Amino acid sequence: MQPHHVVVGHGGLVMGNPGDRPYPADPISAPKYDSRLKEVRVGIIDTGISSGASSEHSDWFGGRYTEEADDVDPAYSSGDVFALQGGHGTFVAGVIQNAAPGVTFDPEAGLDHNGFGDEERLCRKITELGRKKINVLNLSLGCFTEDDVASEPMRRTIAALPDSVVVVASAGNQGTQRPSWPAALDDVTAVAAAEQKPDGSIVPASYSNWGHWVDACAIGNRASTYLKGEWHLPGEGDATPFALWAYWYGTSFAAPLVTGRIAATMASDGITAAQARDKLLSGPEFHPGYGVFVE
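Here the structure is a predicted model, which is why all the values come from computation and not from measurement.

Caption draft 1: Summary view of the overall build of the chain. For the chain, the count of helices and strands is seven helices and 16 strands. For 295 residues, the compact-globule estimate of 2.2 N^0.38 gives 19 Å, and the C-alpha radius of gyration of the chain, at 17 Å, lies within 12% of that figure. Projected onto its principal axes, the C-alpha coordinates of the chain cover approximately 45 × 45 × 45 Å. Considering the chain as a whole, with its 295 residues, one finds that 56% of them fall into the buried category. Contacts spanning at least 24 positions in sequence make up 77% of the contacts within the chain whose residues lie at least 6 apart.

Caption draft 2: Structural context of the packing of helix 3 (residues 88–99) against helix 6 (residues 251–269). Packing of helix 3 against helix 6 leaves a shortest axis separation of 7 Å and a crossing angle of 35°. In terms of crossing hand, the pair formed by helix 3 and helix 6 is right-handed. Listed contacts from helix 6 to His88, Phe91, Val92, Val95, Ile96 and Ala99 of helix 3 are Ser252, Phe253, Pro256, Leu257, Thr259, Gly260, Arg261 and Ala264. For the contact of helix 3 with helix 6, a count of residues per class yields nine nonpolar, four polar and one charged.

Caption draft 3: Looking closely at the packing of aromatic side chains. Under the definition given, this model contains 14 aromatic pairs. Ring geometry for Tyr226 against Trp248: centres 6.0 Å apart, planes inclined by 85°, an arrangement best described as edge-to-face. Here the residue Tyr226 occupies a position in strand 14 (residues 221–231), and Trp248 occupies one in strand 15 (residues 240–249), the gap between them amounting to 22 residues. With relative accessibility at 0%, the residue Tyr226 sits in the buried group. For the pair Phe286 and Phe293, a centre-to-centre distance of 5.5 Å together with 35° between the ring planes defines the contact as tilted. For Phe286, a relative accessible area of 26% translates into the label partly exposed. Judged by its relative accessible area of 22%, Phe293 is partly exposed. Each residue in the set Tyr76, Phe82, Phe91, Tyr226, Phe242, Trp248 and Phe253 is aromatic and connected to the rest through ring pairs, giving one cluster. The cationic tip of Arg21 hangs over the ring face of Tyr23; the distance from NZ or CZ to the ring centre is 5.0 Å.

Caption draft 4: Layout of the pairing of strand 6 (residues 104–109). Counting buried residues in strand 6 gives six out of six residues, a clear majority hidden from the surface. The alternating pattern of strand 6 places Thr104, Asp106 and Glu108 on one face and Phe105, Pro107 and Ala109 on the opposite face, and all of these are buried. The pairing of strand 3 (residues 41–46) with strand 6 spans six bridges and is parallel. Counterpart to Asp46 in the pairing with strand 6 is Ala109.

Caption draft 5: Main features of the confidence of the model for the chain. On average, the chain scores 92 in pLDDT, and the residues at 70 or more come to 94%. The low-confidence segment residues 11–18, where pLDDT is below 50, has 33 contacts with residues more than four positions distant or belonging to other chains.

Caption draft 6: Main features of the nonpolar core. Counting residues in each nonpolar core, the largest one holds 49 residues, and the members touching the most others are Val42, Val103, Phe105, Val168, Tyr226 and Ile262. Sort the elements by how many residues they give to this core and helix 6 lands first, with nine residues. Membership of the second largest hydrophobic core comes to 32 residues, among which are Ile45, Leu122, Cys143 and Met154.

Caption draft 7: Structural detail: the state of the cysteines. Applying the stated rule across the entire model yields zero disulfides. Lacking any disulfide linkage, Cys123 is separated from the closest cysteine sulfur, that of Cys143, by 9.7 Å. Assessed through its relative accessible area of 6%, Cys143 is described here as buried.

Caption draft 8: Expanded view of the pattern of salt bridges. Per the counting criterion, the structure on display carries 12 salt bridges. Among the ionic pairs, Arg178 bridges to Asp148, the shortest N-O distance being 2.9 Å. Highlighted residues: Arg178 in the loop between strand 10 (166–170) and strand 11 (188–196) and Asp148 in the loop between strand 9 (141–142) and helix 5 (152–159), separated in sequence by 30 residues. Accessibility expressed as a relative area gives 32% for Arg178, which makes it partly exposed. In this structure, the salt-bridge partner of Asp278 is Arg277, at a minimum N-O distance of 3.0 Å. Given a relative accessible area of 44%, Asp278 falls into the partly exposed group. A residue is classified by how much of its surface remains accessible, and Arg277, at 22% relative accessible area, is partly exposed. Here the residues in one salt-bridge network are Arg41, Asp106, Glu108, Lys125, Glu128 and Lys132, joined through shared partners.

Rules behind the numbers
Residues numbered from 1 in each chain as written. Predicted model: local features only at pLDDT ≥ 70, side-chain atom pairs only at ≥ 80, totals over all residues. Heavy atoms only, no water. Helix = DSSP H or I, 4+ residues; strand = E, 2+ residues; numbered from the N terminus. Rg over C-alpha atoms; globule rule 2.2 N^0.38 Å. Buried < 20%, exposed > 50% of the residue type's maximum accessible area, 1.4 Å probe, protein only. Contact = heavy atoms within 4.5 Å. Axes fitted to C-alpha atoms, helices over the stretch in contact; angles between N-to-C directions. Left-handed = near helix turned anticlockwise from the far one by under 90°. Nonpolar A, V, L, I, M, F, W, Y, C, P; charged D, E, K, R; others polar. Phe/Tyr/Trp six-rings, centres within 6.5 Å; stacked < 30°, edge-to-face > 60°. Lys NZ or Arg CZ within 6 Å of the ring centre and 35° of its normal. Pairing = 2+ DSSP bridges. pLDDT = per-residue confidence, 0-100. Core = buried A, V, L, I, M, F, W, Y, C linked by side-chain atoms within 4.5 Å. Disulfide = S-S within 2.5 Å. Salt bridge = Lys/Arg side-chain N within 4 Å of Asp/Glu carboxyl O.

This is the structure we're talking about:
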């Protein structure tokens, strides 16, 4: 038997993750809507999505998902102060829309606003989305196991998904080769992070997990949709205000770029999710242990 595992969002200062906190960013213009993407459906298991996402970011999200009460990200620890990963799911959804503008998506809350979840809840959400005929599933989360052997509940749950569903997961932000689950599963496209230097060069991100089990990488530092509120941790000085946009980095935000590119390739080429994934991953390895670079 295996222990029951805690899973965590790969995007912030949680459980020692070196992925940094979010920072305020300037507004981003919505990408040009592609009507072909309406028929492509992406599942997102994360912290959920903000209650005002469809109105505050209407050009990004309006009419692209069904609003359900149990999908709302509580986001705040108290008042308008963000919890550790409050807004993580809204940020991820924006990255996907930027890569595949107009795609239909289904946000599910598998993590709490601090970025924590558990295996049972995650597996239940994966199964639910598998019944909704999604094409691609984004999991910007993961965990280690004590013996570095795959979590059996996660393995069985993902293996039970229809063959038509492509699962993409972030590799994690601990800077190690240890396999993070579910990313390291054979049936999952594992995504590490790269970063762009001021001189324009692109290099492996030092915080990113990596290894033979990683399939792809993408830029992990990016700006995206966020919420209104303040970020403040005990011991910090003044709170940092946010006004609907943020800059953040981590493998959490490299993975949805790959998810979006798979969806966009499906629509542009008229192919299946698996065919789109294989096309994107057909290039040379970017760097040992980082897979193929996806722009």
